[in-house]
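Observations on chain architecture
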Amino acid sequence: MRARTIASAALHRSAFAAATLIVLTLFTNAKAQAPEALGPDRARLFLTRVGFAPSEAEVSRWADLTQAQAVDKVLAQTARVAAKPAPEWVDEAIVSPRDLRAMSEEARKKERQKQIRHGLELRAWWLDEMATTQSPLTERMTLFWHNHFVSAQPKVRYTQLMYRQNVLLRSHAVGNFATMLHVVAHDPAMLIYLDTATNRRDAPNENFAREVMELFTLGEGHYSEADIKEAARAFSGWSLDLDRATFLFRPRLHDTGEKTVLGRRGAWQGDDVLNILLEQPATAEFIVRKLWLEFVSPQPDPQRVRLIAQRFRSSGYEIRTPLRELFLQPELVQRDQDNALVKSPVELAVGLIRQAGGELAHPGALALRLAGMGQNLFSPPNVRGWPGGDAWITTQSLLARKQFLETSIVRTSARTGAPDMMRALDKSVTDQGDIDPARPFARLVQALAQTPAVQIDPAAWLKAAGTFPERAVGAQGAAHLVQNLLVLPPASPVANEALGLDALRAVLLDPVYQLK
């Protein structure tokens, strides 16, 4: 009896031990498989990649999230409208070419100068929005589409139309690509920029047909010259009502005959051609590859691009689908030289402001600085836009970048609103008695070029690193600056004995600060 009791007790102990072991194993495996929080370092990388370089306060709010939770949060925060009030002139009537020709020479000159001034104010308005937005991803995507569906003020001329296109791009920035393609194709600024408004049945203009295939949808190698010619016929009759600044279809100027586009034959109109382009798998792959280059790494993975593109098409071209997939890629939050991307001038400048808790002191002045770095907003260099990547860095642009960073950490005067600041400067030069309206504006631009654009308080920034401008930074302070500001080890190590301000300047001027 005693033996059976002992054996039974031993059996129970063995069963309990086995059960305990199973529970512990399951718990350990579950813990090992549980998604890991980003932590401060990876949260900083994530926020920089999907927006602009964040402040330490932003980093702390995101550090406890997993990468998947961070993706959900950043997508949920996107907006469709800008928070900053629009410039006061956006609803002004457009002066048509006919009315412009009827003006005196002096009146025409004033009108041209007004459009140039409005262009500078428009750039200032957008930069102000980027520097203060609660959704950096919204502005990054608006900028991405601005460089995809390219239009430029020098050809479009009407600043009101450039503003309206910016509003359009923002409203669809993380919406539906198919919808956006159709809306942009009818956009007045695009109709002017790619000459669609001059496309006639008897004299087809192929510019839009070519670029919509090569740059907006399929990419090179997925269409023929014959496809371009046939598509141009389909877009004939598309025009512009300048009095209302709206799209206008002129049936009498449209080619009603049958056309063959990408093997599809029919009496196609322009929107039919856009739908045919959207049916091609190459379109989704082209867009996903560009998004990969924008956010993930300089070398897209072909297999993953194809898989994400398939999901993009299956979703009906919902832009959030590829963004979610791309933002979940491990490369997005890895400190790796092979994954590093070059910051655009806008990312460099706006990131500096947000990261340092600084102010955009003079938005118009910053717009001119960015143009000097190679990114003149609302005026990309050509229909292909800014090439991006390593092309951002040239001897001239790198010098302009370093000058901008150097001057930004010098204490400057208080912020002045963009339109008010430009009006004040313009008044100061106009009061000197110039008769030629071009001369005051030239002096305005010159004054802005010499005006500090960004106001950063180095002392407040260094305080977060536990040091001060006129005190040796020390090993801990130097490591803090490097870790928080650079995505890779610096090209030149920061000396521990360097004063805080000198250490901060050294990190900002290090070539690695140009990377994200």
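Keep in mind it's a predicted model, so treat the numbers as computed, not measured.

What to know about the overall build of the protein chain
Scanning the protein chain for helices and strands turns up 25 helices and six strands. Expressed as a percentage of the 516 residues in the protein chain, the buried residues total 51%. Looking at the protein chain alone, contacts between residues at least 24 apart form 74% of all its contacts between residues at least 6 apart. Only carbon and sulfur atoms are counted for the fraction: they give 55% of the accessible area of the protein chain, which is about 23,600 Å².

What to know about empty space enclosed by the protein
The full count for this structure, using the stated rule, is three cavities of 30 Å³ or more. What the largest cavity holds in volume is close to 100 Å³. Lining the largest cavity are 14 residues, with Arg44, Thr48, Asn484, Leu485 and Val487 sitting closest to its centre. Secondary-structure elements contributing two or more residues to the lining of the largest cavity are helix H2 (39–50) and helix H24 (474–485). In terms of residue class, the lining of the largest cavity is made up of seven nonpolar, four polar and three charged. Considering only enclosed or pocket space, the second largest cavity measures out at about 40 Å³ in volume. In terms of lining residues, the second largest cavity is bounded by Leu45, Arg49, Gln334, Arg335, Asp336, Ala340, Val487 and Lys516. Of the residues contributing to the lining of the second largest cavity, the split by class is three nonpolar, one polar and four charged.

Quick look at helix H9 (residues 159–172)
A rise of 1.5 Å per residue sets the reference length of H9, with its 14 residues, at 20 Å; its end C-alpha atoms lie 20 Å apart and thus fit the reference within 8%. A large share of H9 lies buried, amounting to 12 of its 14 residues. Buried within H9 are the following residues: Thr159, Gln160, Leu161, Met162, Tyr163, Gln165, Asn166, Leu168, Leu169, Arg170, Ser171 and His172. For H9, the elements touching its buried residues are helix H6 (105–132), helix H7 (136–146), helix H8 (153–156), helix H10 (177–185) and helix H11 (188–193).

Structural notes on the confidence of the model for the protein chain
For the protein chain, the average pLDDT comes to 89, and 86% of its residues sit at 70 or higher. Taken together, the stretch residues 412–421 has pLDDT below 50 and engages in 24 contacts with residues farther than four places along the chain or on a different chain. In this model, residues 424–438 is a region of pLDDT below 50 whose contacts with residues beyond four sequence positions or in other chains number 20 contacts.

Here we look at the packing of aromatic side chains
With the rule as written, the count across this model stands at 18 aromatic pairs. Arranged with centres 4.8 Å apart and planes meeting at 75 degrees, the rings of Phe144 and Trp145 form a pair that is edge-to-face. Across the pair, exposure class does not vary: Phe144 and Trp145 are buried alike. An aromatic cluster is built from Phe144, Trp145, Phe149, Phe177, Phe208, Phe216, Phe235, Trp238, Phe247, Phe312 and Tyr317, whose rings are joined through pairwise contacts. Between Lys155 and the ring centre of Tyr193, over which it is positioned, the NZ or CZ distance is 5.8 Å. Taking NZ or CZ as reference, Lys343 lies 3.8 Å from the ring centre of Tyr513, over its face.

Overview of the environment of Gly39
Relative to the helices and strands, Gly39 is located in helix H2. Taking C-alpha positions, Gly39 is 7.9 Å from Trp62, a pair spaced 23 residues apart along the chain.

Here is what the cut-offs are and how they apply
Residues numbered from 1 in each chain as written. Predicted model: local features only at pLDDT ≥ 70, side-chain atom pairs only at ≥ 80, totals over all residues. Heavy atoms only, no water. Helix = DSSP H or I, 4+ residues; strand = E, 2+ residues; numbered from the N terminus. Buried < 20%, exposed > 50% of the residue type's maximum accessible area, 1.4 Å probe, protein only. Contact = heavy atoms within 4.5 Å. Areas by Shrake-Rupley, 256 points an atom, 1.4 Å probe, with all protein chains shown as cover. 1 Å grid on protein atoms, 1.4 Å probe; cavity = no way out; pocket = protein on both sides within 12 Å on 5 of 7 lines; lining within 4 Å. Points joined across faces, edges and corners; volume = space filled by probe spheres on them. Nonpolar A, V, L, I, M, F, W, Y, C, P; charged D, E, K, R; others polar. Expected span 1.5 Å × (residues − 1). pLDDT = per-residue confidence, 0-100. Phe/Tyr/Trp six-rings, centres within 6.5 Å; stacked < 30°, edge-to-face > 60°. Lys NZ or Arg CZ within 6 Å of the ring centre and 35° of its normal.

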